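For reference, the chains in residue letters:
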Amino acid sequence: MSAQIHTEDPLDPLSGRKVLAEGGVSFHDITEAVCKPVEDPPLMWWPAFLLSNVLLGVLGVSVLWLLWMGPGVWGVSSPVGWGWAIVDFVFWVGIGHAGTLISAVLFLFRQDWRTSINRAAEAMTIFAVVIAGMMPGLHTGRPWFDYWMFFLPNQMGVWPNFRSPLIWDVFAVGTYFTVSLLFWYMGLIPDLATMRDRARTPIRRMAYGVASLGWRSSTRHWVHYEKAYMLLAGLATPLVLSVHTIVSFDFAVAQLPGWHTTIFPPYFVAGAVFSGFGMVLTLLIPLRKWYRLEHIITIKHLENMAKIVLLTGSLVGYAYAMEFFIAYYSGNDYESFVFINRAFGDYAWAYWIMVTCNVITPQLMWFKKVRRSPAALFILSIFVNIGMWFERFVITVTSLHHDFLPSSWDYFSPTIWDVGLLVGTFGLFFFLFSLFCRFLPMIAIAELKSVMPQANPHYHAKEGEHE
Amino acid sequence: MSSQKKRIYGLLAEYETPAEVYHACEQVRDAGYRFWDSHTPFPVHNLDKAMGLKQSPVPWLVFVGGMFGVAIGLGTQAYVSGVDYPIIYAGKPYIPWQSFVPVTFESGVLVASFCALFGMLGLNGLPRLHHPVFNSERFRRATDDRFFIAVEARDPNYGPQTRRLLESTGAASVEELER
């Protein structure tokens, strides 16, 4: 086994593990590789940025039309009162889980390979949660009253209902966004200082200087910094698990067949990690090429992510199967009906798209050839994104469209404005992400250097000079 | 600079590898200096021990902050649901602690996280607009690939022997820092 690894990937002379940055790079090479594209963006940045602006325009029009006309422009009506806005919310908040998982959970497990991808994944998280936070706000129909969800006294003297999962969700997503932002910014401080010290124009030096808060990479500071970073990771780990758990409570606490199940929290969390890693792969596979970072975000990183996608995809598949089994085993007619209706009813097409993309195609990642092929992973990651959107669609809509009263059964169809909203959210996402790539180092420079072999004080390139 | 005597902050020594700065820190520590610091582009493993630094008190701040957040979260939920405006909802008690767990947890994590970041910045005296080490042109590489030790002139042991000590530790360069 180890001989096989030797032939493929170079190893760290001290730890015996695979090296994370390939090609015998020095500390300075890492700084150059990461900072250079920020200072002189690659050509591909412009088409990506302009295209995302076009899609952002679609979002603007869709939102303005919604605000002008009201939610009647969407396909939602009785009995399907939760439409694409809620589907999009769960979809985006799920994508927003990979970043903190990579930065916090993998940090606590000492998975050093995370250092090449955590910055970009955390940025992705923050932007995805911004979009997710928008969706329930718009779904209320009158977003100018959204402040009622917050913990504020209002003219009626009533408070939010803390016995309802919907208000838990406000706190969960709000906290998650804030903590992810703090965590991300904290990781950025030393790298912003690197950008400051490299800056060639006064404006850049000023901007990065202010943002880096006067960081002078002092060991006395690193002591507090490392401790605070570890504690934030420790806080973010239960947080990331709690957020999608609470999102699943929005459904699971309701008494609707198909929603009212105890498997929802772990099933949602597995799905969130799955979709988040899918999106990380979608973003990083082209980026590492355009930004010439293939020696830092190596094929080993992609392979590791593929393994997590495979694992969580299989967990999700297990949850799908278990839902069916429990529906049958419970002996509850309504529950059984909902699940048979899901797989063979009006929305069977959506259900089977979901199963194909989430359970079947990720199984290809059992093959090492697939895991080590960026092109194959990119295609599979698109399937994951599609499949996870459909999962949320299936959960939300199939449970609602045939409720307890057959006379109110209906078939939900989206309108052009539902589609515009979904397409537009991608615009906002890519817009924010391209700005991130333009102005901030997309790899955690200081963290990456600290896991390189020569960062170890016992490493001696020049033998015999000391000791 | 005019005819006035330059105000000296201290000495800045530059090293090329983590191993060199590590051993140099051990020697500066053993020479009994108190007002000094090292600067590395990334946290060098155990360098705080080589410098003889104490443990960080950040965990206490985070713990106190987290408990404060939990108390605020639980207290306000109980107050608004059970005292200020009690409403019968879904046949549940006015103060069902089970329903209050999620928001209590989230507010605890929220306050604890703020304490972690801002506690770290506060302990480090950041944000700060300027520092004498930035007067050195070489110091720009402290965020790239060079390692530094700065010994302050206010240290009681500071003197001509400080430069000799730093030079004997294998420094690539030693320069005087203006304040």
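The rules we used
Residues numbered from 1 in each chain as written. Chains lettered and ligands numbered in written order. Predicted model: local features only at pLDDT ≥ 70, side-chain atom pairs only at ≥ 80, totals over all residues. Helix = DSSP H or I, 4+ residues; strand = E, 2+ residues; numbered from the N terminus. Rg over C-alpha atoms; globule rule 2.2 N^0.38 Å. Buried ≥ 20, exposed ≤ 12 C-beta atoms within 10 Å, placed from the backbone. Contact = placed C-beta atoms within 7 Å. Pairing = 2+ DSSP bridges. Expected span 1.5 Å × (residues − 1). Core = buried A, V, L, I, M, F, W, Y, C linked by C-beta atoms within 7 Å. Axes fitted to C-alpha atoms, helices over the stretch in contact; angles between N-to-C directions. Parallel < 35°, antiparallel > 145°, perpendicular 65-115°, else oblique. Nonpolar A, V, L, I, M, F, W, Y, C, P; charged D, E, K, R; others polar. Left-handed = near helix turned anticlockwise from the far one by under 90°. Bend = angle between axes of the 7 residues up to and from the residue. pLDDT = per-residue confidence, 0-100.

## Digging into the overall build of chain A
Point 1. A count of helical and extended segments in chain A gives 17 helices and zero strands.
Point 2. On C-alpha atoms alone, chain A measures out to a radius of gyration of 24 Å, which is about the 23 Å that the 2.2 N^0.38 rule sets for 467 residues.
Point 3. Projected onto the principal axes, the alpha-carbon positions of chain A cover approximately 85 × 55 × 40 Å.
Point 4. Looking at chain A as a whole, 50% of its 467 residues are labelled buried.
Point 5. Within chain A, contacts between residues separated by at least 24 positions form 81% of all contacts whose residues are at least 6 apart in sequence.

## A few points about unusual backbone geometry
Point 1. A cis geometry characterises the amide bond from A:Ser78 onward to A:Pro79, with omega recorded as 0°.
Point 2. Following B:Leu126, the chain continues into B:Pro127 via a peptide bond in cis, with omega recorded as -5°.
Point 3. Here A:Arg292, not a glycine, exhibits a phi torsion of approximately 55°, which is positive.
Point 4. In this fold, A:Arg292 is placed in the loop between helix 10 (264-290) and helix 11 (299-329).
Point 5. Even without being a glycine, B:Asn46 presents a positive backbone phi close to 70°.
Point 6. Within the secondary structure, B:Asn46 sits in the loop between strand 2 (36-39) and helix 2 (47-51).

## Focus: the pairing of strand 3 (residues 147-152) of chain B
For a regular strand, the rule is simple: side chains alternate between the two faces of the sheet.
All names here are of chain B.
Point 1. When you tally the buried positions in strand 3, you get five out of six residues, the bulk of the element.
Point 2. Note: strand 1 (residues 8-15) against strand 3, six bridges, orientation antiparallel. Each bridged residue has a counterpart across the sheet, and for Leu11 the counterpart in strand 3 is Val151.

## Details of helix 1 (residues 18-30) of chain B
Residues and elements named next belong to chain B.
Point 1. A rise of 1.5 Å per residue sets the reference length of helix 1, with its 13 residues, at 18 Å; its end C-alpha atoms lie 18 Å apart and thus fit the reference within 8%.
Point 2. For helix 1, the set of buried residues is Pro18, Ala19, Glu20, Val21, Tyr22, Ala24, Cys25 and Val28.
Point 3. Backbone geometry just downstream of helix 1 places Gly32 in the positive-phi region, at approximately 90°.

## What about the interface of chain A and chain B?
Point 1. Listed as interface residues are 53 residues of chain A and, on the opposing side, 61 residues of chain B.
Point 2. Taken together, the elements giving at least two residues each to the side of chain A that touches chain B come down to helix 2 (27-39), helix 7 (165-198), helix 9 (219-252) and helix 17 (445-450) of chain A.
Point 3. At 16 residues, the largest contribution of residues to the side of chain A that touches chain B is made by helix 9 of chain A.

## Section: the nonpolar core
Point 1. Among the nonpolar cores identified, the biggest contains 190 residues, and A:Met124, A:Val280, A:Leu448, B:Ala116 and B:Ile149 are the most heavily contacted of them.
Point 2. Look past the residues within four positions of A:Met124 in its chain and what remains in contact with it is A:Gly99, A:Met279, A:Val280, A:Leu283 and A:Phe433.

## Notes on the packing of helix 11 of chain A against helix 13 (residues 348-360) of chain A
All names here are of chain A.
Point 1. Relative to each other, helix 11 and helix 13 sit at 135°, their axes nearing to 8 Å. The angle between helix 11 and helix 13 falls in the class oblique. Across the interface between the two elements, Gly313, Val316, Gly317 and Tyr320 of helix 11 pack against Val355, Asn358 and Val359 of helix 13.
Point 2. In terms of residue class, the contact of helix 11 with helix 13 is made up of four nonpolar, three polar and no charged.

## Regarding the packing of helix 4 (residues 84-95) of chain A against helix 15 (residues 374-401) of chain A
Helix-helix packing is characterised by the crossing angle of the two axes and by the distance between the axes.
Residue and element names in this part refer to chain A.
Point 1. Remark: helix 4 packs on helix 15, axes separated minimally by 9 Å, with the N-to-C direction vectors making an angle of 135°. With respect to helix 15, the axis of helix 4 lies oblique. Between helix 4 and helix 15 lies a crossing of right-handed hand. Taking contact as the criterion, the partners of Ile86, Val87, Val90, Phe91 and Gly94 in helix 4 are, on helix 15, Met388, Trp389, Arg392, Phe393 and Thr396.

## Looking at the sheet that holds strand 3 of chain B
Residues and elements named next belong to chain B.
Point 1. What the four strands build is an open sheet, ordered 2-3-1-4; its pairing is antiparallel. In this open sheet, the two strands that pair with only one neighbour each are strand 2 and strand 4 (173-178). Each strand axis lies, on average, 20° off the axis of its neighbour in the sheet, ignoring direction.
Point 2. On top of the sheet, helix 5 (residues 160-168) reaches strand 1, strand 3 and strand 4; it is set at about 10° to strand 1, its chief contact.

## Overview of helix 10 of chain A
Think of an α-helix as 3.6 residues a turn; residues three or four steps apart then line up on the same face.
Residues and elements named next belong to chain A.
Point 1. Taking 1.5 Å per residue, 27 residues should reach 39 Å; helix 10 reaches 39 Å between its end C-alpha atoms and fits that length.
Point 2. In the structure, helix 10 departs most strongly from a straight axis at Leu284, where the bend amounts to approximately 25° and where the proline Pro286 lies between one and four residues downstream.
Point 3. Summarising burial for helix 10: 21 of the 27 residues are buried, a large majority.

## Topic: the confidence of the model for chain B
In low-pLDDT regions, the fine details of the predicted coordinates are not to be read closely.
Residue and element names in this part refer to chain B.
Point 1. A residue-level look at chain B finds 97% of positions with pLDDT of 70 or above and a mean pLDDT of 88.
Point 2. Across chain B, helix 4 (residues 97-124) holds the top mean pLDDT of 93, while strand 4 sits lowest at 86.
Point 3. On the interface metric, ipTM, the complex scores 0.91, and its pTM is 0.90.

## Re the environment of A:Ser434
All names here are of chain A.
Point 1. Of note, Ser434 is situated in helix 16 (residues 416-439).
Point 2. It is 42 Å that separates the C-alpha atoms of Ser434 and Gln155, two residues lying 279 residues apart in sequence.
Point 3. Every residue in contact with Ser434, bar those within four places of it in the chain, is listed here: Trp45, Ala48, Phe49 and Ser52.

## As for the environment of A:Pro47
Residue and element names in this part refer to chain A.
Point 1. By the secondary structure assignment, Pro47 is in helix 3 (residues 45-69).
Point 2. The class of Pro47 is exposed, set by 9 C-beta atoms lying within 10 Å.
Point 3. Through-space distance from the C-alpha of Pro47 to that of Ile360 is 34 Å; in sequence the pair is 313 residues apart.

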